[in-house]
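What the coordinates show
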Amino acid sequence: MKLNILLLLLLLTCGFSLQAQDNSPYKTNWKVDGPVTAVGMGLSYYGLTLMQDKAGLTQEQIGQLNRNDVNSFDRFSAGWDSEQAKTLSDIPFYTSFAMPFLWVMNDNIRSNAGQVFALYVETMAVTGALFTMTNGLNPRTRPMIYSADVDMAEKMRANSRNSFYAGHTAASASASFFFAKIFHDFNPDSPARPYVWAAAAAVPATVGYLRLRAGKHFLSDNIIGYTLGAAAGILVPQLHKKTNKMGLSIAPVMGNFMGYRYDGAALGYRF
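Rules and cut-offs
- Residues numbered from 1 in each chain as written.
- Predicted model: local features only at pLDDT ≥ 70, side-chain atom pairs only at ≥ 80, totals over all residues.
- Heavy atoms only, no water.
- Salt bridge = Lys/Arg side-chain N within 4 Å of Asp/Glu carboxyl O.
- Helix = DSSP H or I, 4+ residues; strand = E, 2+ residues; numbered from the N terminus.
- Buried < 20%, exposed > 50% of the residue type's maximum accessible area, 1.4 Å probe, protein only.
- Polar contact = N/O pair within 3.5 Å; in protein donor to acceptor, adjacent residues only side chain to side chain.
- Contact = heavy atoms within 4.5 Å.
- Axes fitted to C-alpha atoms, helices over the stretch in contact; angles between N-to-C directions.
- Parallel < 35°, antiparallel > 145°, perpendicular 65-115°, else oblique.
- Nonpolar A, V, L, I, M, F, W, Y, C, P; charged D, E, K, R; others polar.
- Core = buried A, V, L, I, M, F, W, Y, C linked by side-chain atoms within 4.5 Å.

Below, the discussion takes up the pattern of salt bridges. In this structure the tally under the stated criterion is 6 salt bridges. For the salt bridge of Asp221 with Arg140, the shortest nitrogen-to-oxygen distance reads 2.9 Å. In this pair, Asp221 is assigned in helix H10 (residues 219-239) and Arg140 in the loop between helix H6 (113-137) and helix H7 (152-155), connecting sequence segments 81 residues apart. Of the charged contacts, one joins Lys241 and Asp185 as a salt bridge, the two residues approaching to 3.5 Å between their closest N and O atoms. You can see Lys241 sitting in the loop between H10 and strand E1 (248-257) and its partner Asp185 sitting in helix H8 (residues 167-186), a full 56 residues away along the chain. For Lys241, a relative accessible area of 23% puts it in the partly exposed group.

What follows is the structure, encoded as structure tokens:
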């Protein structure tokens, strides 16, 4: 729910203004980016309903759980349930969403604020759709459910089966790496670029560690969340670059096929 509220606020803030100055390294098109963002937000909402509609475990099922049944890679954290770590994780989590607002301190980015904010919304919409749909369709018990100190009523909640994958880690990685990517592309000669990337990597890593200590996610959940979040934060802007060194491109397509008119978007790769 927090992610969807954030997306709505960002959408209202930028008003989907994709206009940019000549100094922008990106090219955006509302006919493509608008639908992509809308679909991402729609899937995020649908995935959230799937997460909320999961069936919680019964007391009998919980009693049959054995930490030795957890795969060897993740087993070490089965039973962790630090409430302090859970509370502390909110600090870097919300900090990651605030990082992009540091753009106002950079003249090049500030003059293209509408376009950049629209890309931010699109990035978070993609991240939200990937996370909620994956989580909603793949129930996995959280590490804290193996702890004897956690209340049985808490263990029986549907939320206790939302371990795969780490949404907090994914969202913070997407926001922080997006911030670093934008700064990198707008400031090609800045000596601060390595430090910006280091900060972008450290913030979601901290979130992931604290969520691990809190017993909310296994290590594999955090690794996947970090990877997918960082990928979205980097690739969405990269797909919109005027000079795309990766050879990736996204462009509007339209025409007629067997008497039917179609409008859409095409993703391509240039070898």
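Mapped onto the elements, Thr37 comes out in helix H2 (residues 30-52). At 2.8 Å, the side chain of Thr37 and the backbone oxygen of Asp33 are in polar contact.

Another aspect to go through is unusual backbone geometry. Here the residue pair Phe164 and Tyr165 is connected by a cis peptide bond, since its omega of -10 degrees sits within 30 degrees of zero. Within the secondary structure layout, Tyr165 lies in the loop between H7 and H8.

On to the environment of Met124, then. Along the polypeptide, Met124 turns up in helix H6. Since its relative accessible area comes to 0%, Met124 is described here as buried. Measuring from C-alpha to C-alpha, the distance between Met124 and Ser174 comes to 6.9 Å, with 50 residues separating the pair along the chain.

What follows deals with the side chain of Asn135. With respect to the element layout, Asn135 can be found in helix H6. Setting aside chain neighbours within four positions, we find Asn135 in contact with Met51, Lys54, Asn162, Ser163, Phe164 and Tyr165.

The next point concerns the packing of H8 against helix H9 (residues 193-213). One can describe the packing of H8 onto H9 by two numbers: an axis separation of 9 Å at closest approach and a directional angle of 175 degrees. In terms of orientation, H8 and H9 fall into the roughly antiparallel class. Contacts from His168, Thr169, Ser172, Ala173, Ser176, Phe177, Phe179, Ala180, Lys181, Phe183 and His184 of H8 reach H9 at Arg193, Val196, Trp197, Ala200, Ala201, Pro204, Val207, Gly208 and Arg211. Residue classes in the contact of H8 with H9 are distributed as 11 nonpolar, 6 polar and 3 charged.

A few words now on the nonpolar core. Formed by 23 residues in total, the largest nonpolar core has its most connected members in Phe97, Trp103, Val116, Tyr120, Phe178 and Ile182. Elements with a contribution of two residues or more to this core: helix H4 (83-98), H6, H8 and H9. Looking at this core, the element that brings in the most residues is H8, giving 8 residues. With 5 residues, the next largest nonpolar core counts Leu48, Phe131, Tyr165 and Ala170 among its residues.

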